[in-house]
Amino acid sequence: MLLTLAWGSLFFPGLFALCTWALRRSRLEWTDTDYVTISARLVSSVQAVLATGSGIIIIRSCSDVIRDRHWLAREYVWFLIPYMVYDSYAMYLCEWYRTRDLGHSTTIRNFLSQNRLMITHHAVILFVLVPVAQRLRGNLGDFFVGCIFTAELSTPFVSLGRILIQLKQQHTLLYKVNGVLTLATFFCCRILLFPFMYWSYGEHQGLSLLEVPFNIPFYCNVANAFLIAPQLYWFSLLCKKAVRLFDGAQAKKDS
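Just so it is clear, the model here is predicted, and its values are computed rather than measured. (Residues numbered from 1 in each chain as written. Predicted model: local features only at pLDDT ≥ 70, side-chain atom pairs only at ≥ 80, totals over all residues. Heavy atoms only, no water.)

Digging into the domain arrangement of the protein chain
So, point 1. We note that the domain assignment places domain 1 (1-139) and domain 2 (152-250) within the protein chain.
So, point 2. Look at where the C-alpha atoms of domain 1 and domain 2 centre, and you get two points 19 Å apart.
So, point 3. Between domain 1 and domain 2, the contact holds 22 residues from the first and 16 residues from the second.
So, point 4. For the pair domain 1 and domain 2, the two sides together bury roughly 1600 Å², of which 73% comes from carbon and sulfur.
So, point 5. The three residues of domain 1 that bury the most area against domain 2 are Arg41, Val65 and Leu117, which together make up 30% of that side's buried surface.
So, point 6. Linking domain 1 to domain 2 there are zero salt bridges. (Domains from an automatic or database assignment. Contact = heavy atoms within 4.5 Å. Buried area = accessible area lost by both parts, 1.4 Å probe. Salt bridge = Lys/Arg side-chain N within 4 Å of Asp/Glu carboxyl O.)

Section: helix α6 (residues 142-149)
So, point 1. Of all eight residues that make up α6, seven are buried, and the element is covered over most of its length.
So, point 2. Along α6, the positions that sit buried rather than exposed are Asp142, Phe143, Phe144, Val145, Gly146, Cys147 and Phe149.
So, point 3. Contact partners of the buried residues in α6: α2 (32-61), α3 (72-101) and α9 (193-205). (Buried < 20%, exposed > 50% of the residue type's maximum accessible area, 1.4 Å probe, protein only. Helix = DSSP H or I, 4+ residues; strand = E, 2+ residues; numbered from the N terminus.)

Thoughts on the pattern of salt bridges
So, point 1. Evaluation of the coordinates by the stated rule reveals six salt bridges.
So, point 2. With a closest N to O distance of 2.8 Å, Asp32 and Arg100 form a salt bridge. With Asp32 in helix α2 and Arg100 in helix α3, this residue pair connects regions lying 68 residues apart in the sequence.
So, point 3. As a salt-bridge pair, Arg98 and Glu95 come within 2.7 Å of each other at their nearest N and O atoms. A residue pair is termed a helical-turn pair when its members lie 3 or 4 positions apart in one helix, as Arg98 and Glu95 do in helix α3 at three residues.
So, point 4. We classify Arg98 as partly exposed; its relative accessible area is 37%.
So, point 5. Under the relative-accessibility criterion, Glu95 is labelled buried at 10%.

Looking at the UniProt feature "transmembrane region" (unreviewed entry) in the protein chain
So, point 1. The sites that carry the UniProt feature "transmembrane region" (unreviewed entry) are, in the present numbering, residues 76-97, 117-137, 143-165, 177-196 and 216-235.
So, point 2. For the annotated span residues 117-137, helix accounts for 95% and strand for 0% of the residues, and the straight-line distance between the end C-alpha atoms is 26 Å.
So, point 3. Across residues 177-196 one finds 95% helix and 0% strand; the C-alpha atoms that close the span lie 26 Å apart. (UniProt positions renumbered as here; feature names shortened; annotations may be inferred.)

Focus on the state of the cysteines
So, point 1. Tallying each qualifying case throughout the model produces zero disulfides.
So, point 2. The closest cysteine sulfur to the non-disulfide-bonded Cys19 is located on Cys94, 12 Å from its own sulfur.
So, point 3. Relative accessible area serves as the criterion here: at 14%, Cys19 is assigned to the buried category. (Disulfide = S-S within 2.5 Å.)

Below, the structure is given as structure tokens:
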């Protein structure tokens, strides 16, 4: 545990520093905000790839979705804790540089106010999901922990979209293709993920998908509802953004 925490504490800030240094050395005509924001997005993408890979390994290793174990189900959570702390700081740093370039200043209070949902998301992971994953669930459910890890598959596409926006490349074909891939991966890995977990449990227990919610503890349904609620909200924002993008492109084409 301590060794994994230590590695995570070195890996994510170190990778961020390395990316920032490499981008500055490239002598591109970017602002400090560009360097910091793109570096933060690259680190997020690396974490997402590691989490997704870990999740796939766990899922493929657990034929019994309730009792089978895999060491990554616990160890990667310890590795994730330093990332969540680092990412909160990286978000603040990006906001600080952005407001500085605009000639303004930012405070921690303003930062927390403007990023309430994401900060709440990180806090819930650290103070609710980590204790559940590491202690409260006992030795059961590694398969479902792996499923949750695979939700990160959409993050590299979200990050690429943010990078293209930062570089003012919203008009490019790459941005539009990436938008489609973002919607597809987000829907599959963050929305359909929950019916898949219910279906997997039902297959193991000989239950239909519709019977599963009535044959598991009530708090499991409540927890899943709390987990999927922000995903549905974010997916709705992505859909609205996609509609504006393609409507705008069609309007330009018609004119």
